[in-house]
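What follows is the residue order along each chain.
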Amino acid sequence: MTAETTEPEEYAADPVARKREQRGWYFYDFACSVYSTSVVTVFLGPYLTSAARAAADAEGFVHPLGIPVRAGSLFAYAVSASIVVAVLVMPLVGAVADRTGRKKPLLAASAYLGATATAGMFFLEGDRYLLGAFLLIVANASLSVSMVLYNAYLPQISEPDERDAVSSRGWAFGYTSGALVLVLNLVLYSGHDSFGLTEGEAVRICLASAGVWWGAFTLVPLRRLRDRQLAREGRDGAGEAAVGSGWRQLRETLKDMRRHPLTLSFLLAYLIYNDGVQTVISQASLFGSEELGLDQTTLITAVLLVQVLAVAGALGMGRLARSYGAKRTILGSLAVWTLILAAAYFLPADAPVFFYSLAAAIGLVLGGSQALSRSLFSHLVPRGKEAEYFSAYEMSDRGLSWLGPLVFGLAYQLTGSYRDAIISLVIFFVVGFTLLARVPVRRAVEAAGNPIPDRI
């Protein structure tokens, strides 16, 4: 059984101390979102694909570990593999965090491992596609693990009625940093000749700088966030027990969730629709460059547009949630996601204006759908089980989002068309919408033993 946490009443009642910790918490989104934006969404997909094509045989296949892989599918498969690695590690981390109460050292370890792997992408010269795939797997898995710990702080640093706003501000901080760094990337990439750099060198600097940024700004949450003390019965031998019991803890968590079937129902819905969201994010640049024939500058500016509008979208959807409830707002965003994919299938090639229009639509729903899902789930978590439940949540958010990239990669491998690959993702949003619509969230919050906000 996971130990209960204790928190001084004067701290919980002190809005100044709570706000200070919340501001520190926002900065981890500010630190790590640059990796998601600059590395996964913009630069690494096309760059790793070109490296794989440089090493491919006459039929366009590379052979990692002797397995024939179409060069254009390598990036999607590497993303999928990184998530499988994360699945193996996250239950252990969630168990250690809950049993010891020491989330912060684990957050530091996972963040700096990921930042180091990202900085190492500077060395991806020529046809080093295997090194690129390895560093992607390490960095992506490390990000997933760190987000388990980061998300688990949310119910500890915010009151129930403010969680939608706090979660949305965290996403807004992340999109703000992503936009800022993308502007710097755009200046470097588009003017690489004037800086005395080749195009490849400019891309590798952009990749590596994301790791430096991630590591530097992680110092802020590490200074502001604090570990909660555990009750005495949870302390003795907690770390040693957790080291050997990560998967047992996950089984216990899932068993415990069976006592909260409505929480489990929400998690299943989120697992499915977020798989679609994460796949669109990671494969958008590949679709734009390979299927639509758009150049790197167009892709950077399109993702920059997403970042700018995602800040407004996250905050705006947070306000909508206060009026209509988080569930209805999320359902509306899923309907928009479905329309976006249908429009993407019919986008003409070499037409940046249409791609920008699609990017704008993505930006308006991206941050809000993720932020409100996180805050809604925080209401469904029994007190004292934050890290283990958010470990399961993170496995839905990133850890089990291997199916979407796999479907995308297989669709391209079988058809040779990125249009077929992108439209295949519609099923994730349709099924996720249907399952979420059936979850009675007020009863779910009550069943978890938490206070029910005025709007949810």
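Before going into details, it helps to say that this report is about the structure given with it. (Residues numbered from 1 in each chain as written. Predicted model: local features only at pLDDT ≥ 70, side-chain atom pairs only at ≥ 80, totals over all residues. Heavy atoms only, no water.)

### Comments concerning the overall build of the protein
Defined as follows: Secondary structure is summarised from DSSP: a helix means a run of H or I of at least four residues, a strand means a run of E of at least two, and numbering begins at the N terminus for each. Only protein chains enter the accessibility calculation, which uses a 1.4 Å probe; a residue whose area is less than 20% of its type maximum is buried, one above 50% is exposed, and one in between is partly exposed. Whether two residues are in contact is decided by their heavy atoms: any pair within 4.5 Å suffices. Under the convention used here, a 1.4 Å probe and the Shrake-Rupley method define accessible areas, while residue burial counts only the protein chains that appear.
When you go through the protein residue by residue, the secondary structure sums to 20 helices and two strands. Counting over 456 residues, the protein shows a buried share of 60%. Contacts in the protein between residues at least 24 apart in sequence constitute 84% of all its contacts with a sequence separation of at least 6. For the protein, the exposed surface amounts to about 17400 Å²; the carbon and sulfur share of it is 64%.

### Structural notes on the nonpolar core
Applicable threshold: Definition used in this section: a nonpolar core is a set of buried Ala, Val, Leu, Ile, Met, Phe, Trp, Tyr and Cys residues joined via side-chain atoms within 4.5 Å.
Grouped together as the largest cluster of nonpolar side chains are 141 residues, with contacts concentrated most on W25, Y28, L44, W214, F266, W337 and F377. Top element by residues in this core is helix α2 (residues 15-55). It accounts for 17 residues. Beyond its immediate stretch of four places on either side in the chain, W214 contacts Y28, A31, C32, Y35, A111, G114, A115, T118, A139 and L143.

### Regarding the packing of aromatic side chains
Under the convention used in this document: Two rings from Phe, Tyr or Trp (for Trp, the six-membered ring) form a pair when their centres sit within 6.5 Å of each other. Planes less than 30 degrees apart are called stacked, planes more than 60 degrees apart edge-to-face, and all others tilted. Note on criteria: charge over ring means Lys NZ or Arg CZ within 6 Å of the ring centre, with the direction from the centre no more than 35 degrees off the ring normal.
Taken as a whole and judged by the stated rule, the model has 20 aromatic pairs. A ring pair is formed by F266 and Y270, whose centres lie 6.2 Å apart and whose planes are at 10°; its orientation type is stacked. Of the two residues, F266 and Y270 both sit in helix α12 (residues 261-291), four residues apart, roughly one turn of that helix. By the burial criterion, F266 is buried, and Y270 matches it. Among the aromatic residues, those joined into a cluster by ring pairs are W25, Y26, F27, Y28, F30, Y150, F173, W213 and F217. Positioned above the aromatic ring of Y153 is the side chain of K103, whose terminal nitrogen or guanidinium carbon lies 4.9 Å from the ring centre. The ring centre of F122 lies 5.0 Å from the NZ or CZ of R204, which sits over that ring.

### Points about the packing of helix α7 (residues 163-190) against helix α13 (residues 296-324)
A pair of packed helices is captured by two measures, namely the crossing angle of their axes and the spacing between those axes. Test applied: Between the N-to-C directions of two axes lies an angle of 0 to 180 degrees, each axis being a line fitted to C-alpha atoms and, for a helix, fitted only over the stretch in contact. Angular relationships are summarised with four words: roughly parallel below 35 degrees, roughly antiparallel beyond 145, roughly perpendicular across 65 to 115, and oblique for the angles in between. Helix crossings are classified by the rotation of the near helix relative to the far one: an anticlockwise turn of less than a right angle makes the crossing left-handed, while a clockwise turn makes it right-handed. Basically, the charged four are Asp, Glu, Lys and Arg, the nonpolar ten are Ala, Val, Leu, Ile, Met, Phe, Trp, Tyr, Cys and Pro, and anything else, Gly included, counts as polar.
With their axes 9 Å apart at the nearest point, α7 and α13 run at an angle of 165° to one another. Classified by the angle their axes make, α7 and α13 are roughly antiparallel. With respect to the hand of their crossing, α7 and α13 are arranged in left-handed fashion. Of the residues that constitute the contact of α7 with α13, the class distribution is 18 nonpolar, 10 polar and three charged.

### Comments concerning the side chain of D227
For the record, the criterion: By the counting scheme adopted, Arg and Lys are positive, Glu and Asp are negative, and His together with the chain ends is not counted. Salt-bridge detection follows one rule: a side-chain nitrogen of Lys or Arg within 4 Å of a carboxyl oxygen of Asp or Glu. Nitrogen and oxygen atoms within 3.5 Å of one another constitute a polar contact, given that in protein one can donate a hydrogen and the other can accept it, and given that sequence-neighbouring residues count only through two side-chain atoms.
Residue position: D227 is located in the loop between α9 (219-224) and α10 (238-243). Buried charge without a partner: D227 forms no salt bridge, and the closest opposite charge is R102, 4.4 Å away. A polar side-chain atom of D227 sits 3.0 Å from the main-chain amide nitrogen of K103. Within the structure, D227 has its side chain in polar contact with the side chain of Y153 (distance 3.2 Å). Dropping the residues within four chain positions of it, D227 is found in contact with G101, R102, K103, K104, P105 and Y153.

### Things to note about unusual backbone geometry
The backbone of L65 sits at a positive phi, close to 55°, despite the residue not being glycine. The topology assignment puts L65 in the loop between β1 (61-62) and β2 (69-70). Residue classification places L65 among the exposed residues on the basis of a relative accessible area of 86%. In this structure, D350 takes a positive phi of about 55° despite not being glycine. Positionally, D350 belongs in the loop between α14 (326-345) and α15 (352-378). D350 gets classed as exposed once you look at its relative accessible area, which sits at 59%.

### A closer look at the side chain of H379
For H379, the location among the structural elements is in the loop between α15 and α16 (386-399). Looking at H379, the relative accessible area reads 3%, which means it is buried. Those residues in contact with H379 that lie beyond four places of it in its chain are P160, R163, V445, A448, N450, P453 and I456.

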